[in-house]
Amino acid sequence: MRKETALLLAETVKKLRPERILEIGTCIGISGLTALSACEGRLTTVEIDPDLAERARENFRKAGFSERAEVIEGDCAECLRYMESNRYDLIILDGPKAHYAELFGTLKPMMRDGGVLFADDVSFHGKVNSGYNEHKHRTIVRNMEEFLRKLTSDEDFRTEIFAIEDGVAVAVKEKK
């Protein structure tokens, strides 16, 4: 997560003050550290790469957040099957870009009303909604475009797209 995106995340977390945070795509824990630094909530984060998961655990420990951060190793789609009854105030989506659209259907019912979905990298290097059609990233781009269509057309969400760095979508699930 880059600087402007981290600042937007911190601002979002300070306003929301989430108690329960779910993150898809831990990497080394930067966005998780950003969120935990801005609130008193608890983080559950999923990372498929065991080496990155271990580095994230170490970073949470060094920052004094190991009691509030649970790092789960595994494929997010598999892990979410066991977590579907959990409810979260904030979901940070920074995992497999080609799967944002399908993950949205799983994550939506896991969000509390008034909760926020913070999706990073939604412009995918400027390729999304640009007419990009080269073979190398075509599937990722098309799937990200589908995710953005689903998110922005979903009447349960109020979504804002930020054209910073690699693009961020911030969607608030409306209270019913």
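Bear in mind the structure is a predicted one, so any value in this text is a computation, not a measurement.

About the thresholds
Residues numbered from 1 in each chain as written. Predicted model: local features only at pLDDT ≥ 70, side-chain atom pairs only at ≥ 80, totals over all residues. Heavy atoms only, no water. Helix = DSSP H or I, 4+ residues; strand = E, 2+ residues; numbered from the N terminus. Buried < 20%, exposed > 50% of the residue type's maximum accessible area, 1.4 Å probe, protein only. Contact = heavy atoms within 4.5 Å. Areas by Shrake-Rupley, 256 points an atom, 1.4 Å probe, with all protein chains shown as cover. Lys, Arg positive; Asp, Glu negative; His and termini not counted. Charge placed at Lys NZ, Arg CZ, Asp CG, Glu CD. 1 Å grid on protein atoms, 1.4 Å probe; cavity = no way out; pocket = protein on both sides within 12 Å on 5 of 7 lines; lining within 4 Å. Points joined across faces, edges and corners; volume = space filled by probe spheres on them. Pairing = 2+ DSSP bridges. Axes fitted to C-alpha atoms, helices over the stretch in contact; angles between N-to-C directions. Arc of directions from axis to C-beta. pLDDT = per-residue confidence, 0-100.

## Considering the overall build of the protein
Then comes step 1: Per the secondary structure count, the protein includes six helices and seven strands.
Then comes step 2: Sequence-ordered secondary structure for the protein, helices as α and strands as β, is α-β-α-β-α-β-α-β-α-β-α-β-β.
Then comes step 3: In terms of principal-axis extent, the alpha carbons of the protein reach across some 45 × 40 × 30 Å.
Then comes step 4: Relative to its 176 residues, the protein shows a buried fraction of 51%.
Then comes step 5: Of the contacts made within the protein by residues no fewer than 6 positions apart, 65% connect residues no fewer than 24 positions apart.
Then comes step 6: Split by element, the accessible area of the protein, about 9,100 Å² in all, is 47% carbon and sulfur.
Then comes step 7: Across the protein, the mean location of the 27 positive side-chain charges is 2 Å away from that of the 32 negative side-chain charges.

## Considerations on the environment of L90
Then comes step 1: Mapped onto the fold, L90 is located in strand β4 (residues 88-93).
Then comes step 2: With 50 residues separating them along the chain, L90 and I140 place their C-alpha atoms 24 Å apart.
Then comes step 3: In contact with L90, other than residues within four places in its own chain, are L9, V13, L16, P18, R20, I21, L22, V116 and F118.

## Details of the layout of surface pockets
Then comes step 1: As a volume, the largest pocket reaches approximately 350 Å³.
Then comes step 2: As for the largest pocket, its lining consists of 23 residues, and the residues nearest its centre are G25, T26, E47, D94 and G95.
Then comes step 3: Within this model, the second largest pocket holds a volume of roughly 270 Å³.
Then comes step 4: Lining the second largest pocket are 13 residues, and of these T12, K15, E160, V170 and V172 lie nearest its centre.
Then comes step 5: Contributions of two or more residues to the lining of the second largest pocket are made by α1 (3-16), β5 (111-120), β6 (157-162) and β7 (168-173).

## Considering the sheet that holds β7
Then comes step 1: Strands sit in the order β3-β2-β1-β4-β5-β7-β6 across an open sheet of seven strands; the sheet is mixed. One side of each edge strand has no neighbouring strand; the edge strands of this open sheet are β3 (69-73) and β6. Direction aside, the axes of adjacent strands within the sheet are offset by 15° on average.
Then comes step 2: Two elements, strand β1 (residues 20-24) and strand β2 (residues 42-47), share five bridges in a ladder whose sense is parallel. Looking across to β2, one finds that I21 is bridged to L43.
Then comes step 3: Here helix α3 (residues 50-62) sits on the sheet in contact with β2 and β3, set at roughly 170° to β3.
Then comes step 4: Contacting β4, β5, β6 and β7, helix α6 (residues 138-153) runs over the sheet at an angle of about 135° to β6.

## Considering helix α5 (residues 100-107)
Then comes step 1: Inspection of α5 places Y100, A101, L103, F104 and L107 among the buried residues, and these make up the whole buried set. What you see down the axis of α5 is that its buried residues fit within an arc of 160°, all on one side.
Then comes step 2: Looking at the buried residues of α5, the elements they touch are β1, α4 (76-81), β4, β5, α6 and β6.

## Here's the deal with the confidence of the model for the protein
Then comes step 1: For the protein, per-residue confidence averages 92 on the pLDDT scale, and residues scoring 70 or more make up 95% of the total.
Then comes step 2: Confidence, expressed as mean pLDDT per element, reaches its minimum in the protein at α6 with 88 and its maximum at β4 with 98.

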